[in-house]
Amino acid sequence: MSFRARHLLGIDHLKPAEIVTLLDLAEEYVALNRRTVKHSDVLAGLTQINMFFENSTRTQSSFELAGKRLGADVMNMSMQTSSVKKGETLIDTALTLNAMQPDLLVVRHPNSGAVNLLAEKVNCAVINAGDGRHEHPTQALLDALTIRRAKGRLQRLTIAICGDIAHSRVARSNLILLGKMENRIRLIGPSTLMPAGVKDMGVELYEDMREGLTGADVVMMLRLQRERMDGGFIPSEREYFHRWGLDAEKLALAAPDAIVMHPGPMNRGVEIDGTIADDINRSVIQDQVEMGVAVRMAALDLLARNLRAERGAKASGVMV
Ligand code: NCD
């Protein structure tokens with residue numbers, strides 16, 4: 001099997017072959033999830049703990065369903081009411097949970113790098129469900145699966161990522177993944193919302209959305225991450241929609257069969273016109289949600305296989 005990772009902390013450390021392995025396995029879970037009885041026991045006996053230090057609708061419920069459909073014992077820690085509120089550090093919380101012998105830990109945290117730090121302190125597999133503006137690997141993987149299914153390939157596509165790139169871990173993970181797969185990537189948005197050093201990333205930059213969208217095969221819209229902004233990055237929401245919001249007129253410049261994506265949560269009328277988001281001929285936003293469950297099942301499955309192999313090897317004194 002060509003998936004060797006112990007944790008899934010980012011796309012950065014995955015090889016293209018590992019990405020393909022994960023997406024191929026996710027396809028099998030798409031089929032399982034479309035059956036009436038959606039159950040497998042590949043994680044039976046394992047404990048999965050979801051720790052979300054930031055609000056989440058899609059990602060948390062998706063990881064919960066994924067673990068349950070694979071037969072794991074799944075626990076959701078409510079970090080809003082946990083001892084974190086009493087001042088406990090991330091590491092102390094992690095060590096406490098580690099003592100309960102989890103096998104899979106799914107973590108979302110507002111600080112970039114927090115999940116990597118935590119992974120060093122525990123002896124189970126860790127999945128990053130989004131850390132600050134750093135990475136959100138399962139989002140990029142579910143986006144990749146959605147694109148591959150809609151376009152029949154994951155290479156040689158022109159992909160426009162639009163909006164608040166600077167604060168977006170979704171954009172970062174997607175940039176890395178789609179770059180590894182040899183696509184042409186365009187970043188579109190106001191210069192105030194472009195990350196530093198973006199010019200060295202091998203991407204094309206556009207401030208003019210009409211230019212940036214011309215001929216694109218995939219249009220990926222992003223939310224304005226107001227919770228990560230500490231000042232005025234945009235003139236006004238009205239002006240923002242006018243210049244960088246996706247509407248029918250701007251979308252008409254993209255390839256005739258271009259697909260529209262959004263990781264959610266969406267702000268209709270700010271970065272995307274509601275009718276486009278709901279247009280089943282263009283928008284694959286609901287497919288992204290469906291692929292999310294399958295991709296997370298594949299990630300949990302692959303990490304559990306590696307964990308078992310590592311523990312088995314340790315028990316018999318063999319180095320892996
Ligand atoms: C994204 C996130 O949390 O990074 N949402 C998600 O995981 N579906 C994007 C966002 O919050 O805008």
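Scroll up to find the structure this text is about.
Just so we're clear, the structure is a prediction, and the values are computed from it rather than from any experiment.

K.L.:
Hey, could you run me through the environment of aspartate 92 in this one?
P.N.:
Structurally, aspartate 92 can be placed in helix 3 (residues 90–98). It is 26 Å that separates the C-alpha atoms of aspartate 92 and glycine 45, two residues lying 47 residues apart in sequence.

K.L.:
Quick question: what am I supposed to make of the nonpolar core here?
P.N.:
In summary, soluble globular proteins display a tendency toward joint burial of nonpolar side chains. Leu141, Ile147, Ile161, Leu177 and Leu187 are the most contacted members of the largest nonpolar core, which totals 65 residues. For this core, the leading source of residues is helix 11 (residues 285–315), giving 11 residues. If near-sequence neighbours (up to four positions away) are discounted, isoleucine 147 is found in contact with Gly152, Arg153, Leu154, Leu157, Ile159, Leu178, Val218, Ile259 and Met261. Counting residues in each nonpolar core, the second largest holds 26 residues, with Cys162, Trp244, Ala258 and Ala277 among its members.

K.L.:
Please clarify how the site of the ligand should be interpreted in this entry.
P.N.:
Contacts to the ligand come from Arg58, Thr59, Arg108, His136, Gln139, Arg169, Val170, Arg223, Gln225, Pro263, Gly264 and Pro265. One of the side-chain nitrogen or oxygen atoms of histidine 136 is found 2.7 Å away from an oxygen atom of the ligand. The contact in question runs from an oxygen atom of the ligand to an N or O atom on the side chain of arginine 169, over 2.7 Å. Bound to the protein, the ligand loses 94% of the 320 Å² it would expose on its own. Only helix 2 (58–69) and helix 6 (169–180) provide two or more residues apiece to the shell around the ligand. Here the shell around the ligand is composed, by residue class, of 3 nonpolar, 5 polar and 4 charged.

K.L.:
Looking at this structure, I do not really get the packing of aromatic side chains. What am I missing?
P.N.:
Centre distance and the angle of the planes are the two values used to describe a pair of aromatic rings. Counted by the stated rule, this structure contains 1 aromatic pair. Stacked on the ring of phenylalanine 241, the Lys or Arg lysine 250 has its end atom at 5.9 Å from the ring centre. Above the face of the phenylalanine 63 ring, arginine 296 is positioned so that its terminal group lies 4.9 Å from the ring centre.

K.L.:
Can you help me understand the packing of helix 2 against helix 11 in this one?
P.N.:
To describe two helices that pack against each other, one gives the angle between their axes and the distance between the axes. Closest axis-to-axis distance for the helix 2/helix 11 pair is 8 Å, and the angle between their directions is 50°. When the axes of helix 2 and helix 11 are compared, the pair comes out oblique. Taken as a pair, helix 2 and helix 11 cross one another with a handedness that is right-handed. In this structure, helix 2 uses Arg58, Thr59, Ser62, Phe63, Leu65, Ala66, Gly67 and Arg69 to contact helix 11, whose residues at the interface are Val289, Gly292, Val293, Arg296, Met297 and Leu300. A per-class count over the contact of helix 2 with helix 11 returns 7 nonpolar, 4 polar and 3 charged.

K.L.:
Would you mind going over the sheet that holds strand 1 (residues 47–52) with me for this structure?
P.N.:
Across a sheet, strands are paired by hydrogen bonds formed along the backbone, either parallel or antiparallel in direction. One open sheet holds the 4 strands; their spatial order is 2-1-3-4, and the pairing between them is parallel. The open sheet has two edge strands with one neighbour each: strand 2 (73–78) and strand 4 (125–131). Here the strands of the sheet are splayed against their neighbours by 15° on average, with no regard to which way each runs. Looking at chain direction, strand 3 (residues 104–109) and strand 4 are connected through 5 bridges and run parallel. Paired with leucine 105 across the two strands is valine 126, which belongs to strand 4. With respect to the sheet, helix 4 (residues 114–121) is in contact with strand 3 and strand 4, its orientation differing from that of strand 4 by roughly 165°.

K.L.:
Sorry, what's going on with the pairing of strand 5 (residues 158–162) here?
P.N.:
For a regular strand, side chains alternate in direction, first toward one face of the sheet and then toward the other. Taken across its 5 residues, strand 5 has 5 buried, putting it largely inside the fold. Residue alternation in strand 5 divides its side chains into two sets, Thr158, Ala160 and Cys162 and Ile159 and Ile161, and both sets are buried. Strand direction decides the pairing type here: strand 5 and strand 6 (residues 184–188), joined by 5 bridges, are parallel. Paired with isoleucine 159 across the strands is isoleucine 185, a residue of strand 6. Regarding the hand of the β-α-β motif, the stretch spanning strand 5, helix 6 and strand 6 is right-handed. In this sheet, strand 8 (residues 218–221) lies alongside strand 5 in parallel orientation, the contact comprising 4 bridges. Bridge pairing in strand 8 links alanine 160 to valine 219.

K.L.:
In this structure, what is going on with the sheet that holds strand 9 (residues 259–261)? I would like to understand it.
P.N.:
Judged by pairing direction, the sheet is parallel, and its 5 strands sit side by side in the order 7-6-5-8-9 without closing on themselves. At either margin of the open sheet sits one strand with a lone partner, and together these are strand 7 (204–206) and strand 9. In this sheet, neighbouring strand axes are inclined to one another by 20° on average, regardless of whether the strands run parallel or antiparallel. On top of the sheet, helix 5 (residues 137–151) reaches strand 5, strand 8 and strand 9; it is set at about 165° to strand 9, its chief contact.

Each value, and the rule that gives it
- Residues numbered from 1 in each chain as written.
- Predicted model: local features only at pLDDT ≥ 70, side-chain atom pairs only at ≥ 80, totals over all residues.
- Heavy atoms only, no water.
- Helix = DSSP H or I, 4+ residues; strand = E, 2+ residues; numbered from the N terminus.
- Core = buried A, V, L, I, M, F, W, Y, C linked by side-chain atoms within 4.5 Å.
- Buried < 20%, exposed > 50% of the residue type's maximum accessible area, 1.4 Å probe, protein only.
- Contact = heavy atoms within 4.5 Å.
- Near = heavy atom within 4 Å.
- Polar contact = N/O pair within 3.5 Å; in protein donor to acceptor, adjacent residues only side chain to side chain.
- Areas by Shrake-Rupley, 256 points an atom, 1.4 Å probe, with all protein chains shown as cover.
- Nonpolar A, V, L, I, M, F, W, Y, C, P; charged D, E, K, R; others polar.
- Phe/Tyr/Trp six-rings, centres within 6.5 Å; stacked < 30°, edge-to-face > 60°.
- Lys NZ or Arg CZ within 6 Å of the ring centre and 35° of its normal.
- Axes fitted to C-alpha atoms, helices over the stretch in contact; angles between N-to-C directions.
- Parallel < 35°, antiparallel > 145°, perpendicular 65-115°, else oblique.
- Left-handed = near helix turned anticlockwise from the far one by under 90°.
- Pairing = 2+ DSSP bridges.
- Right-handed = clockwise from strand over helix to strand, strands pointing away.

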